[in-house]
Amino acid sequence: MRITRVETFLVPPRWLFCRVETDDGVVGWGEPVVEGRAEVVRTAVEVLSEYLIGQDPLRIEDHWQVMTKAGFYRGGPVLSSAVAGLDQALWDIAGKFYGAPVHALLGGPVRDRVRVYAWVGGDEPARLREAVAEQVEAGFTAVKMNLAGRLSRIVTMADTAEIVARAEAAREVLGPTRDFGLDAHGRATVPVARRVLAAVADLHPMFLEEPVGPEYVHRLADLTGISTVPIALGERLYSRTDFLPVLRAGVDIVQPDPSHAGGISETRRIAALAETFDVQVAPHCPLGPISLAAALQLGFATPNFLIQEQSAGIHYNTDADLLDYVLDRSPFAFTGGHAHRTDEPGLGVSIDEPAVRAADRGGHRWRNPVWRHDDGSLAEW
């Protein structure tokens, strides 16, 4: 069996899919994308495809090594995300070839269901209580919301009170037996993060995500040492070597993204590294169905897995939603706040290829907004 064709599809709302075909007719799907830079990753996939054409798709680890190291220059979001999508597609092919789900190829399942959480509200939600209540009614036991919109470099008492009020509103709806996560999106400075962590601690959030940006992970120890709130981080880290200093700094939950951090192969290794620090894994996944399918396969086979992000109804999904390109939606039927394990081969996702090809004809040019502070300087989005 040899790889004969690699195709990419730019599909709304902001995703990039890849399709890897073999001469035996086995097809694998992946999702290689950097949000807001999908066209750049598409080009990287095309370059890597020059190597993959004619290769045996089952030599997944060897291909991962070549794609990440043989070009001399390494790492970064574009290359790692291009490799990630192709790696997902190769695992999908392997599962279909062997007639087994990817989690079986990873050593077999360690759980029957994966806990998932839902997003509530955007950066400045106007109806937080109602949004949380809707997800509770839908059966979710955990939600996540942004900590705030624009954050000043030093927050005022009023800013802190607003953050606390929103967290209190979520806790009141959820009660004491459900969870909520707060996502700072890298918008906070270290002193702001310190103040916020102390202010929300009594509300028992499941985690505070990305309290500082990825270029400031050397400051994490200044937060982990004083916080009773678990600190989560990792969507903008792309390898084991990126995660090692974060783990040494005492982070509590790592959040590698299977569409950014080198695919299933490297995310699995990041999880194993985290396990040696007694750290839980909650994969980042605000993307499409293929990325989520890959994350779920990892969740079924990863001992130190905590909870899974998913993007159904997320505020980014304005032109299409999570399952618009999926034929069989049953693997994504979240009941009781969980995705239940199936034995479908490969990634377990059935892609509506005609719909994907039609969507690609229009494509998209999604870009994240550019925010500014009141003084005109750039604000972290």
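Residues numbered from 1 in each chain as written. Predicted model: local features only at pLDDT ≥ 70, side-chain atom pairs only at ≥ 80, totals over all residues. Heavy atoms only, no water.

*Asks:* Tell me what's going on with the layout of surface pockets, and back it up with residues and numbers.
*Replies:* Estimates place the volume of the largest pocket at around 660 Å³. Considering the residues around the largest pocket, the lining is formed by 27 residues, among which Glu35, Glu235, Arg236, Asn368 and Trp381 are closest to the centre. In terms of residue class, the lining of the largest pocket is built from 9 nonpolar, 6 polar and 12 charged. (1 Å grid on protein atoms, 1.4 Å probe; cavity = no way out; pocket = protein on both sides within 12 Å on 5 of 7 lines; lining within 4 Å. Points joined across faces, edges and corners; volume = space filled by probe spheres on them. Nonpolar A, V, L, I, M, F, W, Y, C, P; charged D, E, K, R; others polar.)

*Asks:* Report on the packing of aromatic side chains, specifying residues and quantitative values.
*Replies:* Overall, the coordinates contain 11 aromatic pairs when judged by the stated rule. Here the aromatic rings of Trp15 and Tyr325 are separated by 6.2 Å at their centres, their planes lie at 75°, and the arrangement is edge-to-face. You can see Trp15 sitting in strand S2 (residues 15-22) and its partner Tyr325 sitting in the loop between strand S11 (308-309) and strand S12 (338-340), a full 310 residues away along the chain. For the pair Trp15 and Tyr325, a shared accessibility class is recorded, and that class is buried. Within the aromatic cluster, the residues linked to one another by ring pairs are Trp15, Phe17 and Tyr325. (Phe/Tyr/Trp six-rings, centres within 6.5 Å; stacked < 30°, edge-to-face > 60°. Helix = DSSP H or I, 4+ residues; strand = E, 2+ residues; numbered from the N terminus. Buried < 20%, exposed > 50% of the residue type's maximum accessible area, 1.4 Å probe, protein only.)

*Asks:* Hey, could you go over the pattern of salt bridges for me, with residue numbers and the actual values?
*Replies:* Under the definition given, this model contains 24 salt bridges. Between Asp222 and Arg219 there is a salt bridge, and its shortest N-O distance comes to 2.5 Å. Since its relative accessible area comes to 31%, Arg219 is described here as partly exposed. Via salt bridges that share partners, Arg5, Glu7, Arg19, Glu21, Glu353 and Arg357 belong to a single interconnected network. (Salt bridge = Lys/Arg side-chain N within 4 Å of Asp/Glu carboxyl O.)

*Asks:* Describe the packing of helix H1 (residues 38-52) against helix H2 (residues 60-69), naming the residues involved and giving the relevant values.
*Replies:* Two elements in contact, H1 and H2, have axes whose closest approach is 11 Å; the angle formed by their N-to-C orientations is 130°. Judged by the inter-axis angle, H1 sits oblique to H2. Judged by the sense of rotation from one axis to the other, the crossing of H1 with H2 is right-handed. Mapping the contact onto sequence places Leu48, Tyr51 and Leu52 in H1 and Asp62, His63, Val66 and Met67 in H2. A class-by-class count of the residues in the contact of H1 with H2 yields 5 nonpolar, 1 polar and 1 charged. (Axes fitted to C-alpha atoms, helices over the stretch in contact; angles between N-to-C directions. Parallel < 35°, antiparallel > 145°, perpendicular 65-115°, else oblique. Left-handed = near helix turned anticlockwise from the far one by under 90°. Contact = heavy atoms within 4.5 Å.)

*Asks:* Got a sec to walk through the sheet that holds strand S1 (residues 3-11)? Specific residues and values, please.
*Replies:* In a beta sheet, neighbouring strands pair by backbone hydrogen bonds and run either parallel or antiparallel. Taken in spatial order, the 3 strands make up an open sheet running S1-S2-S3, and their pairing is antiparallel. Edge positions in the sheet fall to S1 and strand S3 (27-30), since each of these pairs with one other strand and no more. Shown here is a sheet whose adjacent strand axes are inclined to one another by a mean of 20°, direction ignored. Sheet analysis places S2 next to S3, joined by 4 bridges and oriented antiparallel. Within S3, the residue paired with Glu21 across the bridge is Val27. Across the face of the sheet, helix H3 (residues 77-98) comes into contact with S1, S2 and S3 while running at roughly 145° to S3. (Pairing = 2+ DSSP bridges.)

*Asks:* Explain the pairing of strand S5 (residues 142-146) residue by residue, including any values.
*Replies:* Of all 5 residues in S5, 5 are buried; the element is thus mostly enclosed. Pairing of strand S4 (residues 113-119) with S5 involves 2 bridges; the strand directions are parallel. Within S5, the residue paired with Ala118 across the bridge is Val143. The pairing of S5 with strand S6 (residues 179-183) spans 5 bridges and is parallel. Bridge pairing in S6 places Ala142 opposite Asp179.

*Asks:* Hey, could you go over a nonpolar patch on the surface for me, with residue numbers and the actual values?
*Replies:* Together, Phe97, Tyr98 and Leu105 line one region of the surface with nonpolar side chains, adding up to about 300 Å² of accessible area. With relative accessibility at 52%, the residue Tyr98 sits in the exposed group. (Patch = residues over 30% accessible without salt bridge, like charges linked within 9 Å, V, L, I, M, F, W, Y side chains within 5 Å. Areas by Shrake-Rupley, 256 points an atom, 1.4 Å probe, with all protein chains shown as cover.)

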